[in-house]
Amino acid sequence: AGVFAEEGDQVNIAGSSTVFPVTEAIGSAFSEENPTVNLSLSKTGTGGGFGNFFCAGRTDINNASRPIADAETEQCGENDITPIEFQVATDALTVVVNPEADWVDCLTVDELHDIWRAGGAERWSDINEDWPDEEFELYGAATTSGTFDYFNEAVIGEEENHRSDYHATERDRTIVQGVQGSEYAIGYFGFSYYSENPNSIKALSIDDDGTCVEPSIETAMSGEYTPLSRPLFIYVAKESLADSAVRDFARFYMERAATDLVSEVGYVPITEDQRDENVAKLDEAIAEVTE
Amino acid sequence: MSQPDFSHDGIRTARGTAFRYLFMLCALLSILTTVAIVATLLIDAVDFFATVSPIEFLTGTRWSPTNDPVAFGVLPLISGTLIITLGSALVALPIGLLTAIYLSEYASERRRAYLKPALEVLAGVPTVVYGYFALVYVTPALDTILPLSTFNALSASIMVGIMIIPMVSSISEDAMSAVPDSLRQASYGLGATKFTVSTSVVVPAALSGIISSFILALSRAIGETMIVAIAAGQTPRMVDLTDPAGMFLDSIQPMTSAMVQIGTGDIVGQGAAYKSLFAVGLTLFVITFVMNLVSELVASRYREVYR
Amino acid sequence: MTNKQMTSSETEQTDDQQPNPTPGTDSLADRGTDIGVETSSRDDPATVTDRTIIESRDLDVYYGDDQALNGISMEIPEQQVTALIGPSGCGKSTFLRSINRMNDLIDIARVDGELFFREKNVYDDDVDPVALRRRIGMVFQSPNPFPKSIYDNVAYGLRVQGQDDNLDEKVHTALERAALLDEVEDQLDSSGLDLSGGQQQRLCIARAIAPDPEVILMDEPASALDPVATSKIEDLIEDLAEEYTVIIVTHNMQQAARISDKTAVFLTGGNLVEFDDTTKIFENPESDRVEDYITGKFG
Amino acid sequence: MTNKQMTSSETEQTDDQQPNPTPGTDSLADRGTDIGVETSSRDDPATVTDRTIIESRDLDVYYGDDQALNGISMEIPEQQVTALIGPSGCGKSTFLRSINRMNDLIDIARVDGELFFREKNVYDDDVDPVALRRRIGMVFQSPNPFPKSIYDNVAYGLRVQGQDDNLDEKVHTALERAALLDEVEDQLDSSGLDLSGGQQQRLCIARAIAPDPEVILMDEPASALDPVATSKIEDLIEDLAEEYTVIIVTHNMQQAARISDKTAVFLTGGNLVEFDDTTKIFENPESDRVEDYITGKFG
Amino acid sequence: MAADTQEASVDSGFGQISRTKDVAFRLLALAATLIGIVSLAALLLNVAVDAVGWLDWSFLTNPPHPNPNNAGFLPAIVGSIAIMIMIALVTFPLGVGAAIYLEEYASDGYLTRFIQLNIANLAGVPSVVYGLLGLGLFVGLFNIGYGSVLAAAFTVALLILPIVIISAQEAIRSVPDSQRQASYGMGATKWQTIRNVVLPRAMPGIMTGTILALGRAIGETAPLIMIAAPTTVFGVPNSLLSKVSAMPLQIYNWASYPQTEFQYGVVAAGVVTLLVILLTINSVAIIIRNRYQQRT
Ligand SMILES: Nc1ncnc2c1ncn2[C@@H]1O[C@H](COP(=O)(O)OP(=O)(O)OP(=O)(O)O)[C@@H](O)[C@H]1O
Ligand SMILES: Nc1ncnc2c1ncn2[C@@H]1O[C@H](COP(=O)(O)OP(=O)(O)OP(=O)(O)O)[C@@H](O)[C@H]1O
Ligand SMILES: [Mg+2]
Ligand SMILES: [Mg+2]
Ligand SMILES: O=P([O-])([O-])[O-]
């Protein structure tokens, strides 16, 4: 930028808070091997990352918990940024309640829909008469997050709006604390935030087609946990691959995404086949820009 | 006899002038800073007000910059700021004033020598640390006796209050120390006790200094960011002033906290949602600027009284 | 007229502040007139009681390690004006402040010996200095009204002492006695700070007498005032002595001679050198040093 | 001895500071001896040049709207000691500061009229006050050494003026001339603040003479010192006048009489009332007011 | 002595006036004085206890990591120090220059009073607003990169500049005028006087004020957030345009991590580290002040 041309050993990343722990773990490992590379990582939500940083040419890589949207591709194109998509993990979007909420263990997708749509239920008893006559305290993802987009699409649908009177935040920890602090709270976020706090919050099973399936790495991997299991991505700007630091980091990322590093932070690692596919895609892009 | 030569030395004069203007430039930088602040805020705020009418902004009671239907009423944020200011005032003003009285009227020289710096440590602790204290220690502790939300105005107010105590106490104490001893003597001579001397002579005589300290401290509370961003929550709601419990026990969202939320990337750039950051910033700037100005004017009055 | 000239050698002595008393040859009585003492008319025995209201016995006062008063013993008569004179730093103010225990407020001050107010030693443990001060008013060197209204200034002591019945009446009476009422009657609500220096000092006197004390202590009450204001204050002091006991510190010997019945002369080192009727002190002092001091040889 | 007594009426006059001169009957010459003037031995014509180094013509100085000097005209001779005396506030310091344009540093000060230094008007536009001050040294009322080493204090002016060749030698010479070298020779590196008051003042004199000015201005250089230190400074001043022109403001008439060749008497209102040989001023002044002032009638 | 008739009333008249209010008020005022200090001490004790076991060498030398046991503070520490050095380089000359102008050059006119009032006001502008200024000016207009060392340093420098100016002015004002007079009397120019007399004497005071202001700077978070400083940085900054993290920012970020170990361990360790560094900075300032305490 400007007169101070950026040095080659800088890799800038922004985007999804869901993917953040994966990238952080891999970034940490990378920087221990490459201490001279200055790797920066921002948690801005998938949309915030694309809109404010990646497609504006300010970052090299964007974390994403949903595929890039058409409008975003267009914005990138205007700035001559070519996003390349790599799936790096699978997540189980998890709906959580307070551990004291012993009346509920499983919700159907319709019930979820009713709780989270604009103008829907206000109280637990609106869903089920046996449940307490208490207002929901709702914690969810901010509108810039991929989590919001994914949940909105999978649960609310096109015709209706996600409600807006809830604690909306990019800081998932806030949701953990909020739900933990109130008996009548309900919230949703990426599986990892649940897997780190299994005692302070309770994950609900989701009933899509008659059976309640609990969120877990296994059910997500096997595809049983629907409709809330989802792929997680990173997008690399093809132009940035001209930079050796970005190249090295992207290669490193692809290798490590298939390892325990990912499951340790609570997600499903990609398979070795997916990894090979990613590496091939990456090498091809690198070859193009380094000609 | 030939006249002596006292003519100006060109280099010396030029150097003197150069330094003069160099230093003047440094001083003018402060004015430039103010201009830059106003300009940055105004340029984007004007953009914002092209899409959202100032009236809607200033009178609207719903703040929902991204969720459909979007709404840009700043009042919920102002009411959140108000709560924090009120709460911290309840903590800091009485404690700060009593502290000032203690330091100026009761404490011995020696005791004051270590109490004052100790108090000033309070103002030096980074606010992010206070925010963390509020969230991790104060809220859980208060939660055992009050039905408190995880994010609430109460712990945030208490922490903001503790942080601004030294502002109230040291400025008030300066004003009290400026009260001439002859007035105290006059009062003691009439058979007054120390309590009477403090409350009926010293405090009234130092009143403008005390008020100035109050305004300045409240202005600081209004602008405080990290404590509320961490501990007060992100719920922009109109606060019901008739319901003190609801005011303090639940989550709110002051202006500064909303700015941080937008700033951390929760909102995608360019649109009105993002520009609203500057409109809120401008509102905050105007409020605190006016308060600082008033405080400065009030203070200059007390400085004149006993000179 | 030759005796009006000060020689250069005397100038030098004055500079060095080293008194070198030379016994004069004139008669002391003559000199009394010489220095223009207009002795007070108040030593007419009919208006003077002889009861002692304050008595100090062997009073020492120390500031830290420095002794400011050295074995002061004196009996101050009721309803008379007693003047304390002496060179700067000799302890006049210190003595005055030890009467109503204002010295208590100075951390490093320490008092030895006894001081009786109506035969009660005010330094006894059971004496509350606050209660003591309520019976002894005090007026200071420069006028120090509170930044409050004239009314509130005078009412202050009354309120502090819980005498707040008939406040209006008492305030008016005090202002009247302090010869200030006529000048401020229409502006009781305006600030005491808006008055002239002389008026401010009379306001402070009104404030001191409003709670009806028995003794009024005055520490150079006119030294910050111009001659006109000073003479008003002097008249007032003479009037006050009809009801109150007045003890006044002054630097101005003419003032002491004019207004007091008794005069105490303190000299450097905190010693009381002579205490007697004012006429006696100014016309025929016992001590050479007092004579020197009064005739302006040093100080 | 009777003329040593100050009458009360005189005391009063002194309080009011309103001089009321009474023509004396004694011979003025007699009184000269009477006030103990030991007239300077330096008026031996052999050591005194008669060239004028500084001349003021109708000099007025104002501070804002207040006039501090009123039409001062005087010619100050080279290589002599000229004393400026007069009561407080009469403008002595103001006159001194207008010689080296130190008044320029006071925002509200304004100068009218002319002041010549070796026939050049120092208030001409082409005069750089910095250059002027390099030829006129100045010593102040209380010693004000910089918080630097003794050496650096003396070297300060040399460095500032770019005369930094042979620094060591010049510093030593200056200290020697200021009669300080013997006392500080071994501690040139220690702070100037560690010296006694008298030594500090001699250090300031050394600092002033180090860059070899032509005139030395001294504004009550001994008023903050004890008698022993003062007498050392006085000796020094007499020595300095062998090489420099010294202009000294003093409050102490004996000092003026002892050390100066010429004396200028300023009186209240910023007027120069009399300027003449010191012997003449102290033994036989023209003006009654000067006589009154010198004999201590007021001021 | 006569006067025996009044004796009864005399003794009763000197009895104890009620001091309940007096004593109660004194205790209340003392309690008020201590309440802030004591509660802060309690919180500090809590955080120190929580930090035990977390604050170790590897914490100080590792990069951040999602696993609390591996999480480290190094990039944030280095980032804070880098920002601080830059701030010092910017604010010291500007602050001292402005103070010299106001104290030594400016006459007491409207402009001077306006500048003075303006500085006092700037000292009270909320830090989050300075963040917006940095965002608009340094990130936007001058385009020196979001969250870069330079953008962060310039933004926070503007924030503490008024504090530096005000304390430098106080230090300069405390130089006795007799010293200036002496210098001018020697034929020194204004600049020579300032450089050789005023500044050396005022320097300890200026340093103390500047260092204390840097202490304030090191704790600032909101302006960094506003200029989009990254959440996490691995590796230390290698140029002025490198993205930078800072201690308070990293603490703020860790406070949002899912694991409780972050809340009651890693964050506590970060807080203790930050406070220790802050305390060190402030003690340096106090040592300078005491060492050069001026003789007058
Ligand atoms: N608060 C104090 N602390 C220490 N020393 C004091 C204090 N007040 C007075 N002194 C000392 O005690 C001595 C007597 O002081 P005092 O004020 O009584 O003198 P004074 O006769 O009233 O003098 P003046 O006429 O100047 O008012 C002096 O040497 C003075 O320096
Ligand atoms: N900086 C100033 N600003 C305003 N007025 C001043 C200033 N300096 C002196 N004056 C006034 O000018 C008059 C002459 O002052 P100056 O200092 O020259 O008197 P002086 O003869 O030296 O008196 P002293 O013997 O007390 O030093 C005085 O009335 C004084 O108040
Ligand atoms: Mg006294
Ligand atoms: Mg003078
Ligand atoms: O932060 P997100 O993963 O929800 O975009």
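Residues numbered from 1 in each chain as written. Chains lettered and ligands numbered in written order. Predicted model: local features only at pLDDT ≥ 70, side-chain atom pairs only at ≥ 80, totals over all residues. Heavy atoms only, no water.

A. Layout of the overall build of chain E. When helices and strands are tallied, chain E shows twelve helices and one strand. N-terminal to C-terminal, the α/β element order of chain E is α-α-α-α-α-α-α-α-α-α-β-α-α. At 26 Å, chain E has a C-alpha radius of gyration far larger than the 19 Å of a compact globule built from 296 residues. Across its three principal directions, the C-alpha atoms of chain E cover 95 × 65 × 35 Å. When the 296 residues of chain E are sorted by exposure, 60% land in the buried category. At a minimum sequence separation of 6, the contacts of chain E that also span at least 24 residues come to 75%. Here chain E carries 14 positive and 13 negative side-chain charges, and the mean point of each set is 13 Å from the other. (Helix = DSSP H or I, 4+ residues; strand = E, 2+ residues; numbered from the N terminus. Rg over C-alpha atoms; globule rule 2.2 N^0.38 Å. Buried < 20%, exposed > 50% of the residue type's maximum accessible area, 1.4 Å probe, protein only. Contact = heavy atoms within 4.5 Å. Lys, Arg positive; Asp, Glu negative; His and termini not counted. Charge placed at Lys NZ, Arg CZ, Asp CG, Glu CD.)

B. The site of ligand 1, seen in detail. Residue and element names in this part refer to chain C. Neighbouring residues of ligand 1: 14 residues in total, closest Ser88, Gly89, Lys92, Ser93 and Thr94. Within the contact set of ligand 1, an oxygen atom lies 3.2 Å away from a backbone nitrogen or oxygen of cysteine 90. One of the side-chain N or O atoms of serine 93 is found 2.5 Å from an oxygen atom in ligand 1. Across the shell around ligand 1, the residue classes break down as five nonpolar, six polar and three charged. (Near = heavy atom within 4 Å. Polar contact = N/O pair within 3.5 Å; in protein donor to acceptor, adjacent residues only side chain to side chain. Nonpolar A, V, L, I, M, F, W, Y, C, P; charged D, E, K, R; others polar.)

C. Up close: the sheet that holds strand β5 (residues 120-121) of chain C. Residues and elements named next belong to chain C. Taken in spatial order, the four strands of this open sheet run β2-β1-β4-β5, and their pairing is antiparallel. The open sheet is flanked by β2 (66-77) and β5, the only strands paired with a single partner. In terms of strand pairing, strand β4 (residues 109-117) meets β5 through two bridges, oriented antiparallel. Bridge pairing links phenylalanine 117 to lysine 120 in β5. Of the strands in this sheet, β1 (52-63), β2 and β4 touch helix α3 (residues 92-99), which is tilted by about 120° from β1. (Pairing = 2+ DSSP bridges. Axes fitted to C-alpha atoms, helices over the stretch in contact; angles between N-to-C directions.)

D. Quick look at the side chain of serine 149 of chain D. Residue and element names in this part refer to chain D. Here serine 149 is to be found in the loop between β6 (136-139) and α5 (150-160). Reaching out from serine 149, the side chain makes a polar contact with the backbone nitrogen of aspartate 152 at a distance of 3.0 Å. Those residues in contact with serine 149 that sit more than four places away from it in its chain are Leu188, Asp189, Ser190, Ser191 and Gly192.

E. Just the site of ligand 5, in detail. All names here are of chain A. Around ligand 5 there are ten residues in total, and Ser16, Thr18, Thr46, Gly146 and Thr147 lie nearest to it. The side chain of serine 17 places a nitrogen or oxygen atom 2.6 Å from an oxygen atom of ligand 5. A distance of 2.5 Å is found between an oxygen atom of ligand 5 and a side-chain nitrogen or oxygen belonging to threonine 46. The class makeup of the residues in the shell around ligand 5 is no nonpolar, nine polar and one charged.

F. Layout of the interface of chain E and chain B. Listed by partner, the interface residues are 69 residues for chain E and 71 residues for chain B. When chain E packs against chain B, the two sides together hide about 6,200 Å² of surface, and 79% of this comes from carbon and sulfur. Where chain E meets chain B, there are zero salt bridges. One can count nine residue pairs in polar contact (both at pLDDT 80 or more) joining chain E with chain B. Only α2 (20-51), α4 (74-105), α5 (110-122), α6 (127-141), α7 (149-173), α10 (222-226), α11 (247-254) and α12 (260-291) of chain E provide two or more residues apiece to the side of chain E that touches chain B. (Buried area = accessible area lost by both parts, 1.4 Å probe. Salt bridge = Lys/Arg side-chain N within 4 Å of Asp/Glu carboxyl O.)

G. Here's a closer look at the pairing of strand β1 (residues 52-63) of chain D. All names here are of chain D. Burial analysis of β1 places nine of its twelve residues in the buried class, the great majority of the element. Alignment of β1 against strand β2 (residues 66-77), held across eight bridges, turns out to be antiparallel. Bridging across to β2, tyrosine 62 finds its partner in glutamine 67. Between β1 and β2, which pair antiparallel in sequence order, lie two residues; one of them, glycine 64, sits at a positive phi of approximately 60°. Summarising the sheet, β1 and strand β4 (residues 109-117) pair through eight bridges and their orientation is antiparallel. The partner of valine 61 across the bridge, within β4, is valine 111.

H. Examining the sheet that holds strand β12 (residues 212-213) of chain A more closely. Residues and elements named next belong to chain A. Taken in spatial order, the three strands line up as β6-β11-β12 in an open sheet, and their pairing is mixed. If you trace the sheet from one side to the other, it starts and ends with β6 (106-108) and β12, each paired once. Of the strand pairs in this sheet, strand β11 (residues 205-207) and β12 are connected by two bridges, and their pairing is antiparallel. Paired with isoleucine 206 across the strands is valine 213, a residue of β12. Packing against the sheet, helix α4 (residues 109-116) makes contact with β6 and β11, and its axis sits at approximately 85° to β6.

I. A look at the interface of chain D and chain B. Each partner contributes to the interface: chain D provides 15 residues, whereas chain B provides ten residues. The junction of chain D with chain B conceals about 1,100 Å² of combined surface from both sides, 57% of it contributed by carbon and sulfur atoms. The tally of links between chain D and chain B comes to zero salt bridges. Looking at which element gives the most residues to the side of chain D that touches chain B, the answer is helix α4 (residues 129-133) of chain D, with three residues. Among the residues making up the side of chain D that touches chain B, the classes are represented as six nonpolar, no polar and nine charged.

J. Quick look at the packing of α4 of chain E against helix α9 (residues 190-218) of chain E. Residue and element names in this part refer to chain E. Closest axis-to-axis distance for the α4/α9 pair is 9 Å, and the angle between their directions is 140°. Regarding the angle of α4 to α9, the classification is oblique. Here α4 and α9 pass one another in a crossing that is right-handed. Within the contact between the two elements, α4 uses Ser80, Met84, Ile87, Ala88, Phe92, Val96, Ile100, Glu104 and Tyr105 and α9 uses Lys190, Trp191, Ile194, Val198, Leu199, Met203, Ile206, Met207, Thr210, Leu214, Ala217 and Ile218. For the contact of α4 with α9, the per-class residue count stands at 17 nonpolar, two polar and two charged. (Parallel < 35°, antiparallel > 145°, perpendicular 65-115°, else oblique. Left-handed = near helix turned anticlockwise from the far one by under 90°.)

K. Local environment of unusual backbone geometry. All names here are of chain D. With phi around 60°, aspartate 212 is a residue other than glycine that occupies positive phi space. Within the fold, aspartate 212 resides in the loop between α8 (197-209) and β7 (215-219). The exposure class of aspartate 212 is partly exposed, given its relative accessible area of 48%.

L. Seen up close, the state of the cysteines. All names here are of chain A. One pass over the full model with this rule turns up two disulfides over all chains. Residue pairing for cysteine 55: its cysteine sulfur links by disulfide to cysteine 76, the two sulfurs lying 2.0 Å apart. Its S-S torsion of approximately -65° makes the covalent link between cysteine 55 and cysteine 76 left-handed. Taken together, the positions of cysteine 55 in the loop between α2 (46-54) and β3 (61-64) and cysteine 76 in helix α3 (residues 70-78) put the pair 21 residues apart, joining distant regions of the chain. The buried category is assigned to cysteine 55, whose relative accessible area is 0%. Here cysteine 106 is linked by a disulfide to cysteine 212, with a sulfur-sulfur distance of 2.0 Å. Looking down the S-S bond of the cysteine 106 and cysteine 212 bridge, the torsion is -95°, so its handedness is left-handed. (Disulfide = S-S within 2.5 Å.)

M. Here's a closer look at the UniProt feature "domain: ABC transporter" (unreviewed entry) in chain C. In the UniProt entry, the feature "domain: ABC transporter" (unreviewed entry) is given for residues 54-294 of chain C. Secondary structure content for residues 54-294 of chain C is 36% helix and 27% strand, while the C-alpha to C-alpha distance between its ends is 25 Å. (UniProt positions renumbered as here; feature names shortened; annotations may be inferred.)

N. Main features of the packing of aromatic side chains. Scanning all chains against the criterion turns up 44 aromatic pairs over all chains. In this structure an aromatic cluster arises from ring pairing among Trp103, Trp124, Trp131, Phe136 and Tyr184 of chain A. The ring of phenylalanine 275 of chain D carries lysine 262 of chain D above its face, with NZ or CZ at 5.7 Å from the centroid. The ring of tyrosine 105 of chain E carries lysine 190 of chain E above its face, with NZ or CZ at 5.1 Å from the centroid. (Phe/Tyr/Trp six-rings, centres within 6.5 Å; stacked < 30°, edge-to-face > 60°. Lys NZ or Arg CZ within 6 Å of the ring centre and 35° of its normal.)

O. Representation of α2 of chain A. Taken across its nine residues, α2 of chain A has nine buried, putting it largely inside the fold. Within α2 of chain A, the full set of buried residues consists of Thr46, Gly47, Gly48, Gly49, Phe50, Gly51, Asn52, Phe53 and Phe54 of chain A.

P. Region of the structure containing the pattern of salt bridges. All names here are of chain C. Counted by the stated rule, this structure contains 57 salt bridges over all chains. We note a salt bridge from arginine 135 to glutamate 214, for which the minimum N-O separation is 2.7 Å. Of this pair, arginine 135 sits in the loop between α4 (129-134) and β6 (136-139) while glutamate 214 sits in the loop between α8 (197-209) and β7 (215-219), and the two are 79 residues apart along the sequence. For the pair arginine 135 and glutamate 214, a shared accessibility class is recorded, and that class is buried. One salt-bridge network, in which partners are shared between bridges, spans Arg51, Glu78, Arg118, Arg135 and Glu214.

Q. How the structure looks around the nonpolar core. Core analysis: the biggest nonpolar cluster contains 253 residues, and Tyr130 and Phe133 of chain B together with Phe95 of chain C have the highest contact counts within it. No other element matches the 15 residues that helix α3 (residues 75-106) of chain B contributes to this core. Setting aside residues no more than four positions away along its own chain, phenylalanine 133 of chain B makes contact with Val138 and Met159 of chain B together with Leu40, Leu43, Leu44 and Val47 of chain E. (Core = buried A, V, L, I, M, F, W, Y, C linked by side-chain atoms within 4.5 Å.)

R. Region of the structure containing a nonpolar patch on the surface. Together, Val38, Leu42 and Val46 of chain B line one region of the surface with nonpolar side chains, adding up to about 220 Å² of accessible area. For valine 46 of chain B, the location among the structural elements is in helix α1 (residues 10-51). (Patch = residues over 30% accessible without salt bridge, like charges linked within 9 Å, V, L, I, M, F, W, Y side chains within 5 Å. Areas by Shrake-Rupley, 256 points an atom, 1.4 Å probe, with all protein chains shown as cover.)

S. Seen up close, helix α5 (residues 150-160) of chain C. Most of α5 of chain C sits inside the fold, with nine of its eleven residues counted as buried. Within α5 of chain C the residues assigned to the buried category are Ile150, Tyr151, Asn153, Val154, Ala155, Tyr156, Gly157, Leu158 and Val160 of chain C. Each element contacted by the buried residues of α5 of chain C is listed here: α7 (181-189) and α8 (194-205) of chain B together with α4, α6 (167-177), α7 (181-184) and α8 of chain C. Of the residues trailing α5 of chain C, glycine 162 of chain C is marked for its positive phi of about 70°.

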